[in-house]
Amino acid sequence: METRKRTIDVVIPCYNEELNILSLVDRVDTHLAGMEYLCTFIFVDDGSSDNTCLEIRKLASSRDNICLVKLSRNFGKEAAIAAGLKHCASDGAIIIDADLQHPPHLIPDMIGEWEKGAHIVDAVKTRRRKENIFRRMASAVFNKIFSGLTGIDFAGASDFKLLDRKAIGILNSIEEKTRFFRGLTHWIGLHHVTLEFEVEDRNAGTTKWNTLGLFRLSIDAVTSHSQRPLQIVSVLGVFTLMFSFLLGIQTLYNKLVGNAFSGFTTVIIVMLILSSVIMIGIGLLGTYLSKIYDEVKGRPICIVEDYGNYRKRDATIEAAVE
Ligand code: UDP
Ligand code: MG
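Quick caveat, the model's predicted, so the values are computed rather than measured. Here the residue numbering is sequential within each chain, running from 1 through the sequence in written order. Ligands are numbered from 1 and chains lettered from A, in the order in which they are written. Owing to the predicted nature of the model, reporting of local features is limited to residues with pLDDT of at least 70; listing and counting of side-chain atom pairs is limited to 80 or more, with chain, interface and lining totals taken over all residues. As a rule here, side-chain values cover all heavy atoms of the structure and leave hydrogens and water aside.

Remarks on a nonpolar patch on the surface
Item 1. Among the surface-exposed residues, Phe264, Val267, Ile268, Met271 and Leu272 lie close enough to one another that they form a single nonpolar patch of about 530 Å² accessible area.
Item 2. With respect to the helices and strands, Val267 occurs in helix α10 (residues 264-297). Patch criteria: residues need more than 30% relative accessible area and no salt bridge. Like-charged residues are merged within 9 Å; nonpolar side chains of Val, Leu, Ile, Met, Phe, Trp and Tyr are merged within 5 Å. Residue exposure ignores everything except the shown protein chains as possible cover, and the areas themselves are Shrake-Rupley values with a 1.4 Å probe. What counts as a salt bridge is simple: a side-chain nitrogen of Lys or Arg found within 4 Å of a carboxyl oxygen of Asp or Glu. By definition, any uninterrupted DSSP run of H or I lasting at least four residues is a helix, any uninterrupted run of E lasting at least two residues is a strand, and each is numbered from the N terminus.

Notes on unusual backbone geometry
Item 1. The backbone of Asn16 shows a phi angle near 55°, a positive value even though the residue is not glycine.
Item 2. Positive phi, close to 70°, is recorded for Leu190, a residue that is not glycine.
Item 3. Residue position: Leu190 is located in the loop between α7 (181-187) and β7 (192-197).

Observations regarding the pattern of salt bridges
It is possible for side chains of opposite charge to pair when their charged atoms get near one another.
Item 1. Inspection of every chain in the model, using the stated rule, returns 14 salt bridges.
Item 2. Between Asp306 and Arg57 there is a salt bridge, and its shortest N-O distance comes to 2.7 Å. Linking Asp306 in strand β8 (residues 304-308) with Arg57 in helix α2 (residues 52-62), this pair joins segments that are 249 residues apart in sequence.
Item 3. Since its relative accessible area comes to 32%, Arg57 is described here as partly exposed.
Item 4. A salt bridge links Glu305 to Lys70; the nearest nitrogen and oxygen atoms lie 4.0 Å apart. Burial here depends on accessible area, computed with a 1.4 Å probe over protein chains only, as a share of the maximum for the residue type. Under 20% is buried, over 50% is exposed, and the range in between is partly exposed.

Points about the nonpolar core
A general tendency of soluble globular proteins is for nonpolar side chains to be buried together.
Item 1. By nonpolar core is meant a set of buried Ala, Val, Leu, Ile, Met, Phe, Trp, Tyr and Cys residues that side-chain atoms within 4.5 Å join together. Of all hydrophobic cores here, the largest spans 37 residues; its most connected members are Ile12, Phe41, Phe43, Ile111 and Phe160.
Item 2. Counting only elements with at least two residues in this core, the list comes to β1 (6-14), α1 (21-32), β2 (37-45), α2, β3 (66-71), α4 (107-115), β5 (120-125) and β7.
Item 3. Non-local contacts of Phe41, meaning those with residues more than four positions away in its chain, are made with Val10, Ile12, Val25, Val28, Asp29, Arg63, Asn65, Ile66 and Cys67.
Item 4. In this structure, Cys88, Ala93, Ile120 and Phe181 belong to the second largest nonpolar core, which totals 23 residues. Only heavy atoms enter the contact rule, under which two residues are in contact if any of them lie within 4.5 Å.

Below is the structure:
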(Lines give C-alpha, C1' and ligand atoms only; values in the text may rest on other atoms or scores of the structure.)
(Ligands and ions follow the chains in the order given, each with its own letter.)
Protein backbone atom coordinates (compact mmCIF):
# COMPACT_ATOMS: atom_id res chain seq x y z
CA MET A 1 0.00 0.00 0.00
CA GLU A 2 1.18 3.53 -0.75
CA THR A 3 2.36 5.32 2.36
CA ARG A 4 3.03 8.97 2.62
CA LYS A 5 5.50 10.61 4.94
CA ARG A 6 3.77 13.00 7.30
CA THR A 7 4.31 16.62 6.46
CA ILE A 8 4.60 19.59 8.73
CA ASP A 9 4.66 23.33 8.06
CA VAL A 10 6.65 25.68 10.25
CA VAL A 11 4.94 29.07 10.14
CA ILE A 12 7.09 32.05 11.08
CA PRO A 13 5.68 35.59 11.28
CA CYS A 14 8.58 37.96 10.56
CA TYR A 15 8.87 41.68 10.97
CA ASN A 16 12.43 42.99 10.60
CA GLU A 17 14.11 39.72 11.49
CA GLU A 18 16.92 39.67 8.88
CA LEU A 19 19.47 38.41 11.39
CA ASN A 20 17.29 35.56 12.67
CA ILE A 21 16.15 33.76 9.50
CA LEU A 22 19.22 31.56 9.01
CA SER A 23 19.64 30.71 12.68
CA LEU A 24 16.00 29.71 13.01
CA VAL A 25 16.05 27.41 9.97
CA ASP A 26 19.30 25.91 11.19
CA ARG A 27 17.96 25.21 14.69
CA VAL A 28 14.63 23.79 13.48
CA ASP A 29 16.47 21.58 10.96
CA THR A 30 18.70 20.25 13.74
CA HIS A 31 15.74 19.26 15.89
CA LEU A 32 13.73 17.74 13.05
CA ALA A 33 16.74 15.87 11.64
CA GLY A 34 16.04 12.53 13.29
CA MET A 35 12.30 12.63 12.62
CA GLU A 36 10.33 11.06 9.81
CA TYR A 37 8.74 14.29 8.68
CA LEU A 38 8.87 16.45 5.61
CA CYS A 39 9.10 19.99 6.81
CA THR A 40 8.24 23.19 4.94
CA PHE A 41 9.06 26.61 6.29
CA ILE A 42 6.42 29.26 5.59
CA PHE A 43 7.94 32.64 6.30
CA VAL A 44 5.39 35.45 6.39
CA ASP A 45 7.17 38.74 5.81
CA ASP A 46 4.94 41.22 7.60
CA GLY A 47 6.05 44.33 5.67
CA SER A 48 9.64 44.36 6.97
CA SER A 49 11.70 47.44 6.19
CA ASP A 50 15.04 45.63 6.53
CA ASN A 51 16.45 42.74 4.46
CA THR A 52 14.19 40.05 5.90
CA CYS A 53 12.48 39.43 2.57
CA LEU A 54 15.81 39.26 0.73
CA GLU A 55 17.21 36.79 3.25
CA ILE A 56 14.17 34.53 2.84
CA ARG A 57 14.34 34.74 -0.96
CA LYS A 58 18.07 33.87 -0.91
CA LEU A 59 17.37 30.83 1.20
CA ALA A 60 14.35 29.89 -0.94
CA SER A 61 16.47 29.94 -4.10
CA SER A 62 18.67 27.18 -2.72
CA ARG A 63 16.09 25.10 -0.86
CA ASP A 64 12.75 23.77 -2.04
CA ASN A 65 11.19 23.69 1.40
CA ILE A 66 11.45 27.41 2.09
CA CYS A 67 8.39 29.47 1.13
CA LEU A 68 7.77 33.15 1.37
CA VAL A 69 4.42 34.86 1.79
CA LYS A 70 5.10 38.57 1.51
CA LEU A 71 2.46 40.92 2.89
CA SER A 72 1.99 44.32 1.25
CA ARG A 73 2.70 46.21 4.51
CA ASN A 74 2.98 45.64 8.23
CA PHE A 75 -0.38 44.19 9.33
CA GLY A 76 0.74 42.95 12.75
CA LYS A 77 1.66 39.55 14.12
CA GLU A 78 -1.93 38.28 14.40
CA ALA A 79 -2.54 38.95 10.68
CA ALA A 80 0.83 37.40 9.78
CA ILE A 81 -0.06 34.20 11.66
CA ALA A 82 -3.48 34.11 9.95
CA ALA A 83 -1.80 34.51 6.53
CA GLY A 84 0.68 31.73 7.34
CA LEU A 85 -2.08 29.34 8.40
CA LYS A 86 -4.06 30.07 5.21
CA HIS A 87 -1.05 28.84 3.24
CA CYS A 88 -0.50 25.62 5.18
CA ALA A 89 -1.01 22.45 3.19
CA SER A 90 0.65 19.91 5.47
CA ASP A 91 -0.72 17.50 8.04
CA GLY A 92 0.19 19.88 10.83
CA ALA A 93 1.74 23.27 11.51
CA ILE A 94 4.04 24.70 14.12
CA ILE A 95 3.75 28.43 14.76
CA ILE A 96 7.01 29.84 16.08
CA ASP A 97 8.59 33.29 16.53
CA ALA A 98 11.57 34.13 14.33
CA ASP A 99 13.76 35.40 17.17
CA LEU A 100 14.35 31.98 18.80
CA GLN A 101 12.62 33.03 22.01
CA HIS A 102 10.45 29.99 21.36
CA PRO A 103 13.01 27.17 21.71
CA PRO A 104 13.03 24.81 18.69
CA HIS A 105 14.24 21.98 20.93
CA LEU A 106 10.60 21.67 22.10
CA ILE A 107 9.46 20.71 18.58
CA PRO A 108 10.15 16.94 18.83
CA ASP A 109 8.12 16.81 22.09
CA MET A 110 5.30 18.76 20.44
CA ILE A 111 5.27 16.33 17.54
CA GLY A 112 5.33 13.46 20.04
CA GLU A 113 2.13 14.78 21.67
CA TRP A 114 0.55 15.24 18.24
CA GLU A 115 1.36 11.63 17.37
CA LYS A 116 -0.29 10.56 20.62
CA GLY A 117 -3.51 12.24 19.48
CA ALA A 118 -3.39 15.92 20.46
CA HIS A 119 -5.10 18.30 18.03
CA ILE A 120 -3.33 21.31 19.53
CA VAL A 121 -0.10 21.41 21.51
CA ASP A 122 0.24 24.63 23.51
CA ALA A 123 3.72 25.65 24.59
CA VAL A 124 3.37 27.54 27.85
CA LYS A 125 5.99 29.86 29.38
CA THR A 126 7.14 28.75 32.82
CA ARG A 127 9.74 31.28 33.80
CA ARG A 128 10.08 34.62 32.09
CA ARG A 129 13.33 35.68 33.73
CA LYS A 130 14.76 36.78 30.41
CA GLU A 131 11.95 39.24 29.74
CA ASN A 132 12.24 42.67 31.34
CA ILE A 133 10.42 43.43 34.60
CA PHE A 134 7.96 45.89 33.04
CA ARG A 135 6.99 43.35 30.39
CA ARG A 136 6.51 40.62 32.97
CA MET A 137 4.31 42.87 35.13
CA ALA A 138 2.27 44.04 32.12
CA SER A 139 1.74 40.39 31.09
CA ALA A 140 0.70 39.43 34.63
CA VAL A 141 -1.84 42.29 34.80
CA PHE A 142 -3.19 41.51 31.31
CA ASN A 143 -3.51 37.79 32.09
CA LYS A 144 -5.37 38.54 35.32
CA ILE A 145 -7.81 40.93 33.58
CA PHE A 146 -8.24 38.65 30.56
CA SER A 147 -8.80 35.58 32.73
CA GLY A 148 -11.28 37.49 34.91
CA LEU A 149 -13.26 38.72 31.90
CA THR A 150 -13.22 35.57 29.80
CA GLY A 151 -12.95 32.86 32.43
CA ILE A 152 -10.01 31.38 30.49
CA ASP A 153 -6.67 30.92 32.29
CA PHE A 154 -4.06 32.58 30.11
CA ALA A 155 -1.09 32.60 32.49
CA GLY A 156 2.04 31.82 30.48
CA ALA A 157 0.13 31.33 27.20
CA SER A 158 2.16 31.89 24.04
CA ASP A 159 1.73 31.73 20.27
CA PHE A 160 4.19 28.81 20.10
CA LYS A 161 1.83 25.99 19.14
CA LEU A 162 1.44 22.88 17.06
CA LEU A 163 -1.89 22.53 15.26
CA ASP A 164 -3.11 19.48 13.40
CA ARG A 165 -4.95 19.64 10.07
CA LYS A 166 -8.35 19.74 11.75
CA ALA A 167 -7.43 22.71 13.95
CA ILE A 168 -5.85 24.54 10.99
CA GLY A 169 -8.99 23.98 8.91
CA ILE A 170 -11.27 25.30 11.65
CA LEU A 171 -9.10 28.37 12.28
CA ASN A 172 -8.98 29.10 8.55
CA SER A 173 -12.75 28.93 8.35
CA ILE A 174 -13.18 31.66 10.99
CA GLU A 175 -13.63 34.96 9.20
CA GLU A 176 -13.14 37.27 12.17
CA LYS A 177 -10.91 40.25 11.34
CA THR A 178 -9.81 41.20 14.86
CA ARG A 179 -7.97 38.04 15.76
CA PHE A 180 -6.28 36.89 18.93
CA PHE A 181 -4.61 33.62 17.99
CA ARG A 182 -4.16 32.36 21.56
CA GLY A 183 -7.82 33.06 22.32
CA LEU A 184 -9.12 31.47 19.11
CA THR A 185 -7.14 28.25 19.58
CA HIS A 186 -8.66 27.97 23.05
CA TRP A 187 -12.16 28.88 21.82
CA ILE A 188 -12.27 26.17 19.13
CA GLY A 189 -11.76 23.47 21.77
CA LEU A 190 -10.46 20.06 20.53
CA HIS A 191 -7.91 18.00 22.45
CA HIS A 192 -5.18 20.29 23.82
CA VAL A 193 -1.92 19.20 25.42
CA THR A 194 0.33 21.66 27.26
CA LEU A 195 4.13 21.64 27.27
CA GLU A 196 6.24 24.03 29.30
CA PHE A 197 9.23 26.04 28.14
CA GLU A 198 11.51 28.75 29.43
CA VAL A 199 11.62 31.95 27.38
CA GLU A 200 15.02 32.31 25.72
CA ASP A 201 16.88 35.54 25.01
CA ARG A 202 16.19 37.15 21.67
CA ASN A 203 18.73 35.79 19.15
CA ALA A 204 19.17 39.18 17.40
CA GLY A 205 17.24 42.40 16.88
CA THR A 206 14.73 44.00 19.24
CA THR A 207 11.16 43.37 20.30
CA LYS A 208 8.50 44.85 17.99
CA TRP A 209 6.08 45.63 20.79
CA ASN A 210 5.84 48.99 22.51
CA THR A 211 3.45 49.92 25.31
CA LEU A 212 0.80 51.26 22.91
CA GLY A 213 1.01 48.13 20.73
CA LEU A 214 0.57 45.86 23.76
CA PHE A 215 -2.35 47.99 24.98
CA ARG A 216 -4.05 47.69 21.57
CA LEU A 217 -3.47 43.93 21.53
CA SER A 218 -5.03 43.69 25.00
CA ILE A 219 -8.12 45.65 23.88
CA ASP A 220 -8.46 43.45 20.76
CA ALA A 221 -8.03 40.31 22.84
CA VAL A 222 -10.65 41.31 25.41
CA THR A 223 -13.23 42.70 22.97
CA SER A 224 -13.03 39.71 20.68
CA HIS A 225 -13.44 37.19 23.51
CA SER A 226 -15.69 38.84 26.09
CA GLN A 227 -18.77 41.04 26.31
CA ARG A 228 -18.38 41.31 30.04
CA PRO A 229 -17.07 44.92 29.98
CA LEU A 230 -20.46 45.96 28.54
CA GLN A 231 -22.27 44.07 31.29
CA ILE A 232 -20.03 45.75 33.87
CA VAL A 233 -21.28 49.13 32.59
CA SER A 234 -24.87 48.04 33.28
CA VAL A 235 -23.89 46.90 36.78
CA LEU A 236 -22.16 50.25 37.36
CA GLY A 237 -25.40 51.91 36.24
CA VAL A 238 -27.35 50.00 38.90
CA PHE A 239 -24.82 50.98 41.58
CA THR A 240 -24.96 54.66 40.62
CA LEU A 241 -28.78 54.46 40.68
CA MET A 242 -28.67 53.12 44.24
CA PHE A 243 -26.12 55.76 45.21
CA SER A 244 -28.27 58.50 43.64
CA PHE A 245 -31.31 57.23 45.53
CA LEU A 246 -29.53 57.42 48.92
CA LEU A 247 -28.10 60.84 48.10
CA GLY A 248 -31.55 62.01 46.94
CA ILE A 249 -33.04 61.05 50.30
CA GLN A 250 -30.24 62.91 52.13
CA THR A 251 -30.76 66.01 49.94
CA LEU A 252 -34.51 65.97 50.55
CA TYR A 253 -33.93 65.61 54.27
CA ASN A 254 -31.50 68.57 54.23
CA LYS A 255 -34.07 70.63 52.34
CA LEU A 256 -36.78 69.79 54.87
CA VAL A 257 -34.65 70.69 57.88
CA GLY A 258 -33.40 73.91 56.20
CA ASN A 259 -29.77 72.83 55.39
CA ALA A 260 -30.17 72.85 51.60
CA PHE A 261 -27.15 75.14 50.87
CA SER A 262 -24.58 72.93 52.58
CA GLY A 263 -24.76 70.29 49.82
CA PHE A 264 -22.68 72.05 47.14
CA THR A 265 -19.56 69.86 47.59
CA THR A 266 -21.78 66.79 47.27
CA VAL A 267 -23.17 68.12 43.97
CA ILE A 268 -19.68 68.48 42.54
CA ILE A 269 -18.62 64.99 43.69
CA VAL A 270 -21.79 63.39 42.31
CA MET A 271 -21.35 65.17 38.98
CA LEU A 272 -17.74 64.01 38.71
CA ILE A 273 -18.59 60.41 39.56
CA LEU A 274 -21.57 60.27 37.21
CA SER A 275 -19.79 61.92 34.29
CA SER A 276 -16.82 59.51 34.69
CA VAL A 277 -19.13 56.51 34.71
CA ILE A 278 -20.97 57.84 31.64
CA MET A 279 -17.72 58.56 29.77
CA ILE A 280 -16.33 55.09 30.57
CA GLY A 281 -19.62 53.58 29.36
CA ILE A 282 -19.56 55.56 26.12
CA GLY A 283 -15.88 54.69 25.63
CA LEU A 284 -16.60 50.99 26.00
CA LEU A 285 -19.55 51.15 23.63
CA GLY A 286 -17.33 53.02 21.16
CA THR A 287 -14.63 50.34 21.41
CA TYR A 288 -17.09 47.54 20.65
CA LEU A 289 -18.72 49.62 17.91
CA SER A 290 -15.36 50.18 16.22
CA LYS A 291 -14.75 46.41 16.28
CA ILE A 292 -18.16 45.83 14.64
CA TYR A 293 -17.28 48.53 12.09
CA ASP A 294 -14.04 46.69 11.28
CA GLU A 295 -15.95 43.43 10.82
CA VAL A 296 -18.76 44.77 8.63
CA LYS A 297 -16.37 46.53 6.25
CA GLY A 298 -15.39 43.02 5.24
CA ARG A 299 -11.83 43.89 4.27
CA PRO A 300 -9.38 40.97 4.25
CA ILE A 301 -7.18 40.49 7.32
CA CYS A 302 -4.13 41.29 5.21
CA ILE A 303 -2.97 41.55 1.59
CA VAL A 304 -0.43 39.15 0.11
CA GLU A 305 1.76 41.06 -2.32
CA ASP A 306 4.02 38.29 -3.52
CA TYR A 307 5.06 34.67 -3.04
CA GLY A 308 8.45 33.03 -3.10
CA ASN A 309 8.88 29.34 -3.93
CA TYR A 310 5.24 28.59 -3.36
CA ARG A 311 4.76 26.28 -6.37
CA LYS A 312 7.92 24.30 -5.62
CA ARG A 313 6.55 23.54 -2.19
CA ASP A 314 3.70 21.53 -3.64
CA ALA A 315 6.20 19.55 -5.73
CA THR A 316 8.07 18.70 -2.53
CA ILE A 317 4.92 17.30 -1.01
CA GLU A 318 4.24 15.24 -4.17
CA ALA A 319 7.77 13.84 -4.01
CA ALA A 320 7.01 12.53 -0.55
CA VAL A 321 4.64 9.89 -1.93
CA GLU A 322 6.51 6.60 -1.81
N1 UDP B 1 6.00 40.13 14.40
C2 UDP B 1 5.30 40.28 13.22
N3 UDP B 1 4.64 41.46 12.98
C4 UDP B 1 4.65 42.49 13.89
C5 UDP B 1 5.34 42.29 15.10
C6 UDP B 1 6.01 41.10 15.34
O7 UDP B 1 5.27 39.38 12.37
O8 UDP B 1 4.03 43.53 13.61
C9 UDP B 1 6.74 38.87 14.63
C10 UDP B 1 8.22 39.05 14.98
O11 UDP B 1 9.01 39.19 13.81
C12 UDP B 1 8.52 37.79 15.75
C13 UDP B 1 7.20 37.52 16.47
O14 UDP B 1 6.20 38.25 15.77
O15 UDP B 1 8.81 36.69 14.91
C16 UDP B 1 7.25 37.99 17.92
O17 UDP B 1 7.62 39.36 17.96
P18 UDP B 1 8.58 39.93 19.09
O19 UDP B 1 9.74 39.02 19.30
O20 UDP B 1 8.90 41.34 18.75
O21 UDP B 1 7.60 39.89 20.34
P22 UDP B 1 7.98 39.51 21.85
O23 UDP B 1 8.76 38.25 21.82
O24 UDP B 1 8.77 40.67 22.36
O25 UDP B 1 6.63 39.35 22.47
MG1 MG C 1 10.33 37.78 20.76
